[in-house]
Amino acid sequence: MKNFYLTTAIDYANGAPHIGHAYEKILSDAIIRSRRLEGMACHFLTGLDEHGQKVQETADKQGVEPEQLCDGVAEKFQALCRNLNISNDDYIRTTQRRHTEVVGRILMDFHGRGEIYKAEYRGLYSVRAERFVLERDRIDGHWPEDFGEVVELCETNYFFRLSKYQDWLIDFLRSHEDFIFPDFRRKQVLEFLREPLNDLCISRPKARLRWGIELPFDGDYVTYVWFDALINYISAVGYGSEHFSDRWPADIQVIGKDILVPAHAVYWPIMLHAAGIPPPRKLLVHGWWLVRGGEKMSKSLGNVVNPLDYAGSYGADAFRYFVLREMVVGQDSNFTHELFLSHYTADLADDLGNLLSRLIHMLGRYCGGIIPAVELEETEEKNLRSLAETAISRVRIHCGSYEFSLALEAIFELVRETNRYVERRSPWKLAQNPAAGPALRSSLATAAEALRIGAALLIPVMPGTAEKIFRQLGADPAVRWLDLCWGTSLAGKKLGAGEVLFPKILEANHALPQMPA
Ligand code: MSP
């Protein structure tokens, strides 16, 4: 049976993980966890892009071999996945044999069928983007910053016949409106395709770059890093084996906006088409995290947000919550420490954390630590139940369309309404009146059930927190959204040990650097 297959971009092995890398994995993880809760069999791939000039340069600067550099970086990125509770099923590194073999096979196939040819090329070359560029790439007469130094180069190289597929790609994009999300990005690609495409230079002479996959038909060259890297999405799931069709085509390929054109929206579908492989079903293109009111993050500006500092200080789930609550998929967002703290305190510590701790406290004090059954269902209870039911359907729909900020709004509306319900019922007052026993027990049981539903809906974004809530309520953690509904499963359950979900932070003692808003 075909799995729901999701991939992320594979990170460059030449630096430390930052919020951009973390966000992409968290977003992907939330998508895949929500699909698993819907009962789908899933496969989730992420990994590391290890070849190319930048990695070689970084290794040279550090005086180590590229292999050694990559091993160290791979450890850091895998630790990022673990610390952020990313549930990837596989982690590919482009130096692995399973990958280099598939790249070699595709190159041989293309070369044998005349899809690749050798030619001399004189042109402008961007050192930082590692590709030939054109005059038309200038913006207002200047090269984009991403290009770094642009030099003139004359070289004999191998070229992939990209241009011959331009019309096919235009037709494909026009007839597959769902291929790129959000849709305005598809229109940008079509705009880009109004100019004629050049064939793609897929080799680099070893004299200039040694760190790459050698061309199987010419030992003097290595493969251009993007041609190599894109293939990870199929090499990781056994391209060429009988199992390949259990995974491919990918259902969603998550990438940032900077690598849509030309790599993922032009090279990649054309490479697949030329190889006779179906294209992925969807490219999901997210925006960028900026800092300090719209600045790009960069090492030289010293404004890089380290996700591991945040996960370490506030917990992985607080960081996951913040990035998914703040960023609308497709748009850019600003990261400020103040905003992070205000969400942490207001939503997580005060609303959610407080609801759990006061419920656990009252259930212990008034019900002997056993969740009672609902005996009375009046309008208040019915309203809360119907809000929880609405939250279930809203969250399922929003997660299905990658609107995690809306999903979280619906969940926190339920959490806040449950707090208000508790205020209105005031179990502490009911407890003073022996005749109000049924009302007391019903109010606590109703609030606990609302919290159980809220926790079940939080799983994709905050899996660790959901687990802690289930444990404290004595609830069954094996939830499926398919059959999630308001019910009586908590009645008679014994509370687990209490634990504060989101401790209040005393900023004065805090080690994180302050970032001006
Ligand atoms: N190695 C290539 C991808 C090859 S995929 C076959 C690459 N690596 S990267 O490390 O530079 O970026 C990895 C992912 O992180 C990309 O999707 C990129 O868009 C994303 N981000 C990098 N910086 C980002 C932000 N500041 N904000 C959000 N995401 C950003 O590109």
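Cut-offs used in this document
- Residues numbered from 1 in each chain as written.
- Predicted model: local features only at pLDDT ≥ 70, side-chain atom pairs only at ≥ 80, totals over all residues.
- Heavy atoms only, no water.
- Helix = DSSP H or I, 4+ residues; strand = E, 2+ residues; numbered from the N terminus.
- Expected span 1.5 Å × (residues − 1).
- Core = buried A, V, L, I, M, F, W, Y, C linked by side-chain atoms within 4.5 Å.
- Buried < 20%, exposed > 50% of the residue type's maximum accessible area, 1.4 Å probe, protein only.
- Domains from an automatic or database assignment.
- Contact = heavy atoms within 4.5 Å.
- Salt bridge = Lys/Arg side-chain N within 4 Å of Asp/Glu carboxyl O.
- 1 Å grid on protein atoms, 1.4 Å probe; cavity = no way out; pocket = protein on both sides within 12 Å on 5 of 7 lines; lining within 4 Å.
- Points joined across faces, edges and corners; volume = space filled by probe spheres on them.
- Nonpolar A, V, L, I, M, F, W, Y, C, P; charged D, E, K, R; others polar.
- Near = heavy atom within 4 Å.
- Polar contact = N/O pair within 3.5 Å; in protein donor to acceptor, adjacent residues only side chain to side chain.
- Pairing = 2+ DSSP bridges.
- Axes fitted to C-alpha atoms, helices over the stretch in contact; angles between N-to-C directions.
- Parallel < 35°, antiparallel > 145°, perpendicular 65-115°, else oblique.
- Buried area = accessible area lost by both parts, 1.4 Å probe.

1. Things to note about helix α15 (residues 404-425)
In step 1: Compared with an ideal rise of 1.5 Å per residue, which puts 22 residues at 32 Å, α15 spans 31 Å between its outermost C-alpha atoms and is within 8% of the ideal.
In step 2: A positive backbone phi angle near 40 degrees is found at Ser 426, which sits one or two residues after α15.

2. Comments concerning the nonpolar core
In step 1: If you look at the biggest cluster of nonpolar residues, it comprises 108 residues, and the most contacted ones within it are Phe 319, Leu 324 and Phe 335.
In step 2: Per-element accounting of this core gives the leading share, 13 residues, to helix α13 (residues 337-367).
In step 3: Both domain 1 (4-286) and domain 2 (337-483) contribute no fewer than three residues apiece to this core.
In step 4: Setting aside its immediate chain neighbours within four residues, Leu 324 contacts Tyr 23, Ile 26, Leu 27, Ala 30, Phe 404, Ser 405, Leu 408 and Val 461.
In step 5: Membership of the second largest hydrophobic core comes to 61 residues, among which are Tyr 165, Ile 213, Trp 226 and Trp 248.

3. Some remarks on the pattern of salt bridges
In step 1: Under the criterion given, the structure shown has 41 salt bridges.
In step 2: Salt-bridge contacts for Arg 98 lead to Asp 90; the nearest nitrogen and oxygen are separated by 2.9 Å.
In step 3: Relative accessible area serves as the criterion here: at 30%, Arg 98 is assigned to the partly exposed category.
In step 4: A relative accessible area of 17% means that Asp 90 is categorised as buried.

4. Quick notes on empty space enclosed by the protein
In step 1: One pass over the full model with this rule turns up 2 cavities of 30 Å³ or more.
In step 2: Taken as a whole, the largest cavity holds about 90 Å³ of empty space.
In step 3: Looking at the largest cavity, it is lined by 13 residues, and the ones nearest its centre are Pro 372, Val 374, Ala 445, Gly 487 and Thr 488.
In step 4: For the lining of the largest cavity, the residue count by class is 8 nonpolar, 4 polar and 1 charged.
In step 5: Reported here for the second largest cavity is a volume of approximately 40 Å³.
In step 6: Considering the residues around the second largest cavity, the lining is formed by Ile 106, Phe 110, Ile 231, Ile 234, Trp 268, Met 271, Leu 272, Ala 275 and Ile 277.
In step 7: Per-element accounting of the lining of the second largest cavity gives the leading share, 3 residues, to helix α10 (residues 260-274).
In step 8: In the lining of the second largest cavity, the residues fall into 9 nonpolar, no polar and no charged.

5. So, the site of the ligand
In step 1: In the vicinity of the ligand there are 24 residues, among which Ile 10, Glu 24, Asp 49, Asp 258 and Trp 289 approach most closely.
In step 2: Between the ligand and Asp 49 there is a distance of 2.7 Å, counted from a nitrogen atom to a side-chain nitrogen or oxygen.
In step 3: Residues that form the shell around the ligand fall into these classes: 12 nonpolar, 8 polar and 4 charged.

6. What about the side chain of Asn 419?
In step 1: Positionally, Asn 419 belongs in helix α15.
In step 2: Of the residues examined, Asn 419 reaches a relative accessible area of 11% and is grouped as buried.
In step 3: Beyond its immediate sequence surroundings of up to four residues, Asn 419 is in contact with Asp 351, Leu 355 and Arg 358.

7. Some words on helix α2 (residues 53-62)
Working note: α-helix, 3.6 residues per turn, so residues spaced by three or four point in the same direction.
In step 1: If you check which residues of α2 are buried, you get Gln 53, Val 55, Gln 56, Thr 58 and Ala 59.
In step 2: One or two residues past the end of α2 sits Gly 63, with phi positive at roughly 70 degrees.

8. Remarks on the sheet that holds strand β5 (residues 116-126)
In step 1: Read across the open sheet, the 4 strands follow the order β6-β5-β7-β9; overall the sheet is antiparallel. The open sheet has two edge strands with one neighbour each: β6 (131-133) and β9 (200-201).
In step 2: In this structure, β5 lies alongside strand β7 (residues 150-160), joined through 11 bridges in antiparallel fashion. Paired with Lys 118 across the two strands is Tyr 158, which belongs to β7.

9. Observations regarding the packing of helix α6 (residues 183-192) against α10
In step 1: Where α6 contacts α10, the two axes come as close as 11 Å, and the packing angle between them is 90 degrees. Taken as axis vectors, α6 and α10 run roughly perpendicular relative to one another. Between α6 and α10, the residues in contact are Arg 185, Val 189 and Phe 192 and Leu 260, Val 261, Pro 262, Ala 265 and Val 266, respectively.

10. Let's talk about the sheet that holds strand β10 (residues 203-205)
In step 1: Pairing within the open sheet is antiparallel, and its 3 strands lie in the order β10-β12-β11. Each of the sheet's edge strands pairs with one partner strand only, and the pair in question is β10 and β11 (214-215).
In step 2: Pairing of β10 with strand β12 (residues 218-223), which is carried by 3 bridges, proceeds in the antiparallel orientation. Note on β12: the bridge partner recorded for Arg 204 is Val 222.

11. As for the domain arrangement of the protein chain
In step 1: If you check the domain split of the protein chain, you get domain 1 (4-286) and domain 2 (337-483).
In step 2: If you average the C-alpha positions of domain 1 and of domain 2, the two centres end up 43 Å apart.
In step 3: Each partner contributes residues to the interface: domain 1 has 14 residues there, and domain 2 has 14 residues.
In step 4: With both sides pooled, the region where domain 1 packs onto domain 2 buries about 1,200 Å², and carbon together with sulfur makes up 66% of that total.
In step 5: The tally of links from domain 1 across to domain 2 stands at 1 salt bridge.
In step 6: With its nearest N and O atoms 2.8 Å apart, the salt bridge here joins Glu 38 to Arg 396.
In step 7: On inspection of domain 1 and its partner domain 2, the count reaches 4 residue pairs in polar contact (both at pLDDT 80 or more).
In step 8: The element contributing the most residues to the side of domain 1 that touches domain 2 is helix α1 (residues 19-37), with 7 residues.

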